[in-house]
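Understanding the architecture of this molecule
Listed below are the residues making up each chain.
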Amino acid sequence: MKKIVTIMFLFCAVIATAQKKQFKKIAKAVDRNDIATAMEIFNTLNENEIEADYKDEYAFYNAFTLFTNAPDDVDQLLLAMDELKKAEELGFDDEVKFSFVESLGRQLLVKNASKLANSNPQKALSIVKKLASFYPDDHSMKFNTANLAYSTGEFDEALFYYEELFNNGFSGEQDIFKATRVKDGKEEIFPNKVLVEAAIAKGEYKNLIVEKSPSNRGVIVSNLIWLYKNSGQDAKAKEVFVNAFDKYPNDESLKINKADMYLTLGMMDEYKKATEALVDEVSDPKVFDNLGLAAVQNKNYDEAIKYFNLSLSKNPDNFVTLYNLGAIYLEKGNLDSTSYDDQEKLYKSAIDVFEKALKIKPENANVKGTLLSLYGALEMQDKIDALQGK
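This structure is a prediction, so every number in the text was calculated from the model and none was measured.

Together, Glu252, Asp280, Glu281 and Asp284 give the surface a local cluster of negative charge. Within the fold, Asp280 resides in helix α13 (residues 268-281). Asp280 sits in the exposed class, given a relative accessible area of 63%.

This is the structure we're talking about:
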């Protein structure tokens, strides 16, 4: 009997050693970006045979495999997030790999939610709510959930999340991590500090820069005021307005959204004065550019157009702002919900902006190509001939 027990223990030790080697091979394959080999090795493993010491690694690489194989399958992506959480709870301790896969999962789920926002808003909302539940201390996920609920008419959900954000003093400001790629000098944004420091340590990047994203408090307060007004809670709406400006008198986003808040509250004299004073209150055009880009990410095209135009009122010859504004006119014109007449107006607005951009950078092929397409769509043959030098 003793020999049999000894043999059994030896057998278990051999299995554990083999699994350790397999996970090392998978890790090395991932490190050299050989994803096919990593998944091929992983698929040879049987979850029921995994030793306790390696269950964290199995859960982690299972999540990685699901993310890689099913980037558009929401159910599989959510299952992968569950596996990732399991790996964390079981003690998976490779911070860089975990951070990379976690960022990948979040990006894929947010991307799928954005794609579903128009066709299946309930599904989109369920995705971001699930993400928010995965990260209860990450207020940015709650902000995404509130925005989506607001834009899809789920006002009770939106109110719940906006109230929590406002009561917790959330501004939406976040650290943005940038570094310069050594091989070509291109600056890139990283999802978090762990990944940018790892890239610099490997010698692939240099010059870490940490910037702050703009405040979104103005959006939170503005939408919160509207939600209270919409539900007949006028006194509550005014209370939030007063409290916000008392607590955060220097918040740029509050200043920018003040006019809209006055309009919602029905304070028309104040609305007119705030609108006229807006350009004077904010001196840096980058503030408007950042707010415009944030509005684009939330597919709030009217807000984006407003902010980019405000930026151009400060710096009318900014090529990037002109290009972004033209792109938004074009994007809005291409929406299925845009009528033919509105599309024509938006295309003409895009043409006007892109023509200004081309004067600043006449060699830019993207602007030229876009203008030729717009001229063709509106049958402006004379402009096509002029641009082509005929």
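The full count for this structure, using the stated rule, is 23 salt bridges. When the shortest N-O distance is used, the salt bridge between Lys123 and Asp75 registers 3.5 Å. With Lys123 in helix α6 (residues 121-134) and Asp75 in helix α4 (residues 74-90), this residue pair connects regions lying 48 residues apart in the sequence. The salt bridge involving Glu197 is made with Lys193; its shortest N-O contact spans 3.9 Å. Placement of the pair is Glu197 and Lys193 together in helix α9 (residues 193-201), with a separation of four residues, close to one helical turn.

With six bridges joining them, strand β1 (residues 175-181) and strand β3 (residues 205-212) adopt antiparallel strand pairing. Among the inter-strand pairings, Arg181 is bridged to a residue of β3, identified as Tyr205. Counted between consecutive antiparallel strands, the loop separating β1 from strand β2 (residues 187-190) contains five residues, among which Gly185 sits at a positive phi close to 75°.

What follows concerns the side chain of Ser213. Among the structural elements, Ser213 can be located in the loop between β3 and α10 (217-230). What makes Ser213 buried here is its relative accessible area of 13%. A polar atom in the side chain of Ser213 sits 2.8 Å from the backbone nitrogen of Gln174.

It is worth spelling out the nonpolar core at this point. The biggest cluster of nonpolar side chains holds 73 residues, and the ones touching the most others in it are Ile26, Phe67 and Tyr162. If you tally residues by element for this core, the top one is helix α3 (residues 55-69), at eight residues. Once residues lying within four places of it in the same chain are set aside, the contact partners of Ile26 are Ala38, Ile41, Phe42, Leu45 and Tyr61. One finds Ala295, Ile305, Ile351 and Phe354 within the second-largest nonpolar core, a separate group that totals 25 residues.

Time to look at the packing of aromatic side chains. In the structure shown here, the tally under the stated rule is 15 aromatic pairs. Seen from their ring centres, Phe143 and Phe170 are 6.0 Å apart, and the 50° between their planes marks the pair as tilted. Remark: Phe170 occurs in the loop between α8 (155-167) and β1 and Phe143 occurs in helix α7 (residues 139-151); sequence separation between them is 27 residues. Taken as a pair, Phe143 and Phe170 share a single burial class, namely buried. Taken together, Phe60, Tyr61, Phe92 and Phe98 form an aromatic cluster joined through their ring pairs. In this structure, Arg106 packs its charged tip against the face of Tyr135, placed 4.5 Å from the ring centre. Sitting over the face of the ring of Tyr248, Arg217 holds its NZ or CZ atom 3.5 Å from the ring centroid.

What follows deals with helix α14 (residues 285-297). An ideal rise of 1.5 Å per residue puts 18 Å on 13 residues; α14 measures up with 19 Å between its terminal C-alpha atoms. Structurally, α14 contributes buried residues whose contacts are with α12 (252-265), α13, α15 (301-314) and α16 (319-333). Phi turns positive, to about 60°, at Lys299, one or two residues after α14.

Here three strands make up an open sheet; going across it, the order is β2-β1-β3 and the pairing antiparallel. Whereas interior strands pair on both sides, the edge strands pair on one side only; in this sheet they are β2 and β3. Across the sheet, the mean angle from the axis of one strand to that of its neighbour is 30°, orientation sign disregarded.

This brings us to helix α18 (residues 365-377). Look at α18: 18 Å from first C-alpha to last across 13 residues, which is about the 18 Å you get at 1.5 Å a residue. You can read the cap of α18 off the contacts: a side-chain oxygen lies 3.1 Å from the backbone nitrogen of Asn366, and it is on Asn364. Looking one or two residues beyond α18, the residue adopting positive phi is Glu379, at roughly 55°.

Turning to the packing of α7 against α8, a few remarks are in order. Between α7 and α8, the shortest axis-to-axis distance is 8 Å and the interhelical angle comes to 150°. With respect to each other, α7 and α8 are oriented roughly antiparallel. Crossing of α7 against α8: the hand is left-handed. Of the residues in α8, those in contact with His139, Lys142, Phe143, Thr145, Ala146, Asn147, Ala149 and Tyr150 of α7 are Phe155, Glu157, Ala158, Tyr161, Tyr162, Glu164 and Leu165. Classifying every residue of the contact of α7 with α8 gives nine nonpolar, three polar and three charged.

Rules used throughout
Residues numbered from 1 in each chain as written. Predicted model: local features only at pLDDT ≥ 70, side-chain atom pairs only at ≥ 80, totals over all residues. Heavy atoms only, no water. Patch = residues over 30% accessible without salt bridge, like charges linked within 9 Å, V, L, I, M, F, W, Y side chains within 5 Å. Areas by Shrake-Rupley, 256 points an atom, 1.4 Å probe, with all protein chains shown as cover. Salt bridge = Lys/Arg side-chain N within 4 Å of Asp/Glu carboxyl O. Lys, Arg positive; Asp, Glu negative; His and termini not counted. Charge placed at Lys NZ, Arg CZ, Asp CG, Glu CD. Helix = DSSP H or I, 4+ residues; strand = E, 2+ residues; numbered from the N terminus. Buried < 20%, exposed > 50% of the residue type's maximum accessible area, 1.4 Å probe, protein only. Pairing = 2+ DSSP bridges. Polar contact = N/O pair within 3.5 Å; in protein donor to acceptor, adjacent residues only side chain to side chain. Core = buried A, V, L, I, M, F, W, Y, C linked by side-chain atoms within 4.5 Å. Contact = heavy atoms within 4.5 Å. Phe/Tyr/Trp six-rings, centres within 6.5 Å; stacked < 30°, edge-to-face > 60°. Lys NZ or Arg CZ within 6 Å of the ring centre and 35° of its normal. Expected span 1.5 Å × (residues − 1). Axes fitted to C-alpha atoms, helices over the stretch in contact; angles between N-to-C directions. Parallel < 35°, antiparallel > 145°, perpendicular 65-115°, else oblique. Left-handed = near helix turned anticlockwise from the far one by under 90°. Nonpolar A, V, L, I, M, F, W, Y, C, P; charged D, E, K, R; others polar.

The quantities given are spatial measurements derived from coordinates; they are silent on function.
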